Amino acid sequence: MSTALALDHVAVCGRELAPLVAAYEALGFSLSPIAQQSGKRSPDGVVEPFGTGNRCAFLRHGYVELLAILDPTLFDNQLGRFMDRYEGLHILALGVQDEMANLARMQAAGIAIPGVAWLERPVDGPDGPRAKFARLPFPDAPEGRVQLIRHLTPELIWDKRWMNHANHADALVALVMASAAPAETAARFSRLMGLPFQPDPAGGFQIRLPGMAGLAGPEAPAMETLVRILEPEALGTVLPGVEAPTLPFMAGMMLRTDDGNAAIRAMGLPLVPTRDGLMVPPALAGGAALVFCP
């Protein structure tokens, strides 16, 4: 199918990985082992080691990536440039089933994308098997790195060892961003995804993704997810107390829990009630507002 289908993952970016890991473990996440990334700088390039590395919180639907620079002497894949703006959410990856059909669709829509980019990273340590991805990066997106992605080795990503979280998070359900020109941003994202946009009740627009089934196993059926593109003045109504340091701004994410937020309430964190659930303030989540939704 030549449209984006789901929120695959979002990435919280920092200059150092250890503080991000400490913050998310304190929020009740089980994280995968550290993995240094590698890939091709261009579709016809060679695979080379990158200076970036991650640990991830894998969910039944999607995942949250914690990404930082591990080796500043190597190519940082624009991560330093992103963090010159702010530390927090900078990457939005949208799941697809067919990278070549989406490439053709995007090129026909006038999006200047040269081809499929390929990325890989080890799992279970540097000598373990390598997870591989096909990526269609949206060129020069002012929001950060926005891309379509297909997992070539999903069985290496959704490993049940890393999917049981003390906070009972089980799905990535929404990304929230603010834009100075939300209609323009929504139209651009609509063209990228191949999906329509509609008004968001808070003020701005949203794009609904129909969902993908099976990446985390047959027990994970398709589930609708959202990208919300808000007017700056609406941001505080969705994420109370959050202000944009600059625009555009990937402000926060929403995660569903499978226990009605009982575990997260019991953790004694300074949670902020919102219309959608309970919010962990950005200072406690690597610069990204994190809303747990029952």
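To keep things clear, this report deals only with the structure shown in the data block. (Residues numbered from 1 in each chain as written. Predicted model: local features only at pLDDT ≥ 70, side-chain atom pairs only at ≥ 80, totals over all residues. Heavy atoms only, no water.)

A separate point is the layout of surface pockets. In this structure, the largest pocket occupies an estimated 440 Å³ of space. Surrounding the largest pocket, 26 residues form its lining, R41, N77, Q78, R135 and P137 being those nearest its centre. Those elements giving two or more residues to the lining of the largest pocket turn out to be α2 (79-85), β6 (117-122), β7 (130-137) and β8 (145-151). The element best represented in the lining of the largest pocket is β6, accounting for three residues. In the lining of the largest pocket, the residues fall into 15 nonpolar, five polar and six charged. Space inside the second largest pocket adds up to approximately 150 Å³. Forming the walls of the second largest pocket are L59, R60, K160, M163, N164, H165, H168, A169, D170 and D258. (1 Å grid on protein atoms, 1.4 Å probe; cavity = no way out; pocket = protein on both sides within 12 Å on 5 of 7 lines; lining within 4 Å. Points joined across faces, edges and corners; volume = space filled by probe spheres on them. Helix = DSSP H or I, 4+ residues; strand = E, 2+ residues; numbered from the N terminus. Nonpolar A, V, L, I, M, F, W, Y, C, P; charged D, E, K, R; others polar.)

Before going further, it helps to spend a moment on the pattern of salt bridges. Summed over all chains, the structure comprises 10 salt bridges. A salt bridge links R60 to D170, with the shortest nitrogen-to-oxygen separation between them at 3.8 Å. Taken together, the positions of R60 in the loop between β3 (48-58) and β4 (63-69) and D170 in strand β9 (residues 169-178) put the pair 110 residues apart, joining distant regions of the chain. Judged by its relative accessible area of 5%, D170 falls in the buried class. Where salt bridges share partners, they join R15, D84 and E87 into one cluster. (Salt bridge = Lys/Arg side-chain N within 4 Å of Asp/Glu carboxyl O. Buried < 20%, exposed > 50% of the residue type's maximum accessible area, 1.4 Å probe, protein only.)

All right, on to the sheet that holds strand β14 (residues 272-273) then. Ordered by their spatial adjacency, eight strands build an open sheet running β10-β11-β12-β9-β13-β16-β15-β14, and the pairing between neighbours is mixed. Because the sheet does not close on itself, it has two edges, and the strands there are β10 (198-199) and β14. The sheet contact formed by strand β11 (residues 204-209) and strand β12 (residues 225-230) spans six bridges and is antiparallel. If you follow I207 over to β12, its bridge partner there is V227. Contacts from helix α5 (residues 182-193) reach β9, β11 and β12 within the one sheet, and its direction differs from that of β11 by about 15°. (Pairing = 2+ DSSP bridges. Contact = heavy atoms within 4.5 Å. Axes fitted to C-alpha atoms, helices over the stretch in contact; angles between N-to-C directions.)

Compared with the 16 Å implied by 1.5 Å per residue over 12 residues, the 16 Å span of α5 between its first and last C-alpha is a close match. Within α5, burial applies to P182, T185, A186, R188, F189, S190, L192 and M193. Directly beyond the C-terminal end of α5, a positive phi value near 75° is found at G194. (Expected span 1.5 Å × (residues − 1).)

Moving on to the pairing of β12. With six of six residues buried, β12 is to be regarded as a mostly interior element. With five bridges joining them, β9 and β12 adopt parallel strand pairing. Its bridge partner being in β12, M177 is matched across the sheet by I229.

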